[in-house]
Amino acid sequence: MAEERPGSWFGFGFRGFGQALGSGRGRQVHSPEPLRAPGAGLDVCRVSASWSYTAFVSRGGQVELSGAAGGAAGGCRDAWASEALLVVLRAGPGPEPGAELQAWEPGSALRGEPLWVKTVVSEAEREYGPDGKTQAGPLPLLPCARAYVSPRPPFYRPLAPELRARRLELGAEHALLLDATGQVFSWGGGRHGQLGHGTLEAELEPRLLEALQGLAMAEVAAGGWHSVCVSETGDIYIWGWNESGQLALPARSLAEDGKTIAGEAIGLNEDGSEVKRTAGGEDGTPSPFIAVQPFPALLDLPLGSDAVKASCGSRHTAVVTRMGELYTWGWGKYGQLGHEDTTSLDRPCRVEYFVDKQLQVRAVSCGPWNTYVYAVEKEKS
């Protein structure tokens, strides 16, 4: 197997608290910039961004915070940042292999005593699938894949034994779980259609997403109030709130920008999506836009590109293709789409920076108002 080429992290979007988004000055970075901080030479392998600060985890086990919260700690395997809670997974204090889950106040600088500590199963006790890979993904899913950590009490939340969790994503009010077979479960608040069950009702327990049943998913991503799945064949399914075009569907806020709307009518499509019509068509007829899409909708990228990874901000979406290109869309007020401006988009648009620099994107991680990308140089032909 060929050795992975070394790469670099880039950042763009909101940086009002100094979240280490490269070398740009001011509150916004409109185009990808190399990540130059924190820690000179820090070999970052994972980025977890909250609104006001970002946690960077290195391959050597160092976690560093930048922004409204600062601090550093060693012996860390993973970190997960939220405004209410900073969670780190560290090597256990004893001689036995294992891990210790620590939850901290973000402003504690990782000093003193954590809010709470829990010992989790050792590597040897983790469950593995037929391909030899562990069934547990990164935080907030725990290594034992039987529980997860939440920013709101109770912080430690068990999962039903029959849920063989592979990945977990938390939105502002909802959760998405990808299981070992590629099926998706959702629960939490549903008032923006973010659960994908065709209603705006909440779900107290994980519920299978029946619309995707039988389709094996490889990735899930939860935004503020929208959701994305990527299938093993590279198809994108997206649903929830479309206020800023984050579903890549016609959005009223974008259609009305700079226009006066005489009136609107509200109705539902056959698939249950909420549609409003405004008097904005070129021929004088009402133009439809979608505010809420409560069922998964199939999304095609330009040129028929296949997706491999996805991430969501509060109101923007980013997808990496099999060819290593990055597409972004949705809310762009702080430059979080990476298109050298602050325009919001209701269609996928390729980030040309990485194409121009001959870089292949391998990973993307969205914060609420910003975006981080890991990219490597293209192989020379």
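Preceding this paragraph is the structure being described.
Residues numbered from 1 in each chain as written. Predicted model: local features only at pLDDT ≥ 70, side-chain atom pairs only at ≥ 80, totals over all residues. Heavy atoms only, no water.

Caption draft 1: Molecular detail of the overall build of the chain. The secondary structure content of the chain amounts to two helices and 28 strands. The buried share of the chain, taken over its 381 residues, is 51%. Long-range contacts, defined here as pairs at least 24 residues apart, represent 45% of the contacts in the chain between residues at least 6 apart. As presented, the chain carries roughly 17300 Å² of accessible surface, and 50% of it is formed by carbon and sulfur atoms. (Helix = DSSP H or I, 4+ residues; strand = E, 2+ residues; numbered from the N terminus. Buried < 20%, exposed > 50% of the residue type's maximum accessible area, 1.4 Å probe, protein only. Contact = heavy atoms within 4.5 Å. Areas by Shrake-Rupley, 256 points an atom, 1.4 Å probe, with all protein chains shown as cover.)

Caption draft 2: Quick peek at the packing of aromatic side chains. In total, this model carries 17 aromatic pairs according to the counting rule given. Aromatic side chains Phe10 and Tyr353 sit 5.8 Å apart centroid to centroid with 65 degrees between the ring planes, which places their arrangement in the edge-to-face category. Within this pair, whereas Phe10 is found in strand E1 (residues 7-14), its partner Tyr353 is found in helix H2 (residues 352-356), the two being separated by 343 residues in sequence. The exposure class assigned to Phe10 is buried, which follows from its relative accessible area of 6%. Residue classification places Tyr353 among the buried positions, given a relative accessible area of 18%. Chaining the aromatic ring pairs together yields one cluster made of Phe14, Phe17, Trp51, Trp331, Tyr334 and Trp369. (Phe/Tyr/Trp six-rings, centres within 6.5 Å; stacked < 30°, edge-to-face > 60°.)

Caption draft 3: Structural detail: the sheet that holds E1. Judged by pairing direction, the sheet is antiparallel, and its four strands sit side by side in the order E2-E1-E28-E27 without closing on themselves. One side of each edge strand has no neighbouring strand; the edge strands of this open sheet are strand E2 (28-34) and strand E27 (359-366). Across this sheet, the average inter-strand angle for adjacent strands is 15 degrees, counted without regard to direction. Here E1 pairs with strand E28 (residues 370-377) via seven bridges, running antiparallel. Within E28, the position partnered with Phe12 by the bridge is Thr371. (Pairing = 2+ DSSP bridges. Axes fitted to C-alpha atoms, helices over the stretch in contact; angles between N-to-C directions.)

Caption draft 4: Geometry of the nonpolar core. Val228, Ile236, Leu301, Val319 and Trp329 are the most contacted members of the largest nonpolar core, which has 19 residues in total. Of all elements in the fold, only strand E18 (226-231), strand E19 (236-241), strand E22 (287-299), strand E23 (307-312) and strand E25 (326-330) reach the threshold of two or more residues within this core. Of all the elements, E23 adds the most residues to this core, at three residues. Beyond its immediate stretch of four places on either side in the chain, Ile236 contacts Val228, Cys229, Ala297, Leu298, Leu299, Leu301, Ala307 and Val319. Core analysis: the second largest hydrophobic core is formed by 15 residues, Phe10, Phe354, Leu359 and Ala375 among them. (Core = buried A, V, L, I, M, F, W, Y, C linked by side-chain atoms within 4.5 Å.)

Caption draft 5: Region of the structure containing the side chain of Ser244. Relative to the assigned elements, Ser244 resides in the loop between E19 and helix H1 (252-255). Assessed through its relative accessible area of 3%, Ser244 is described here as buried. Side chain to side chain, Ser244 and Arg315 meet in a polar contact 3.4 Å long. Filtering out sequence-adjacent residues up to four positions away, Ser244 remains in contact with Ala251, Ser253, Leu254, Arg315, Gly330, Trp331, Ser344 and Leu345. (Polar contact = N/O pair within 3.5 Å; in protein donor to acceptor, adjacent residues only side chain to side chain.)

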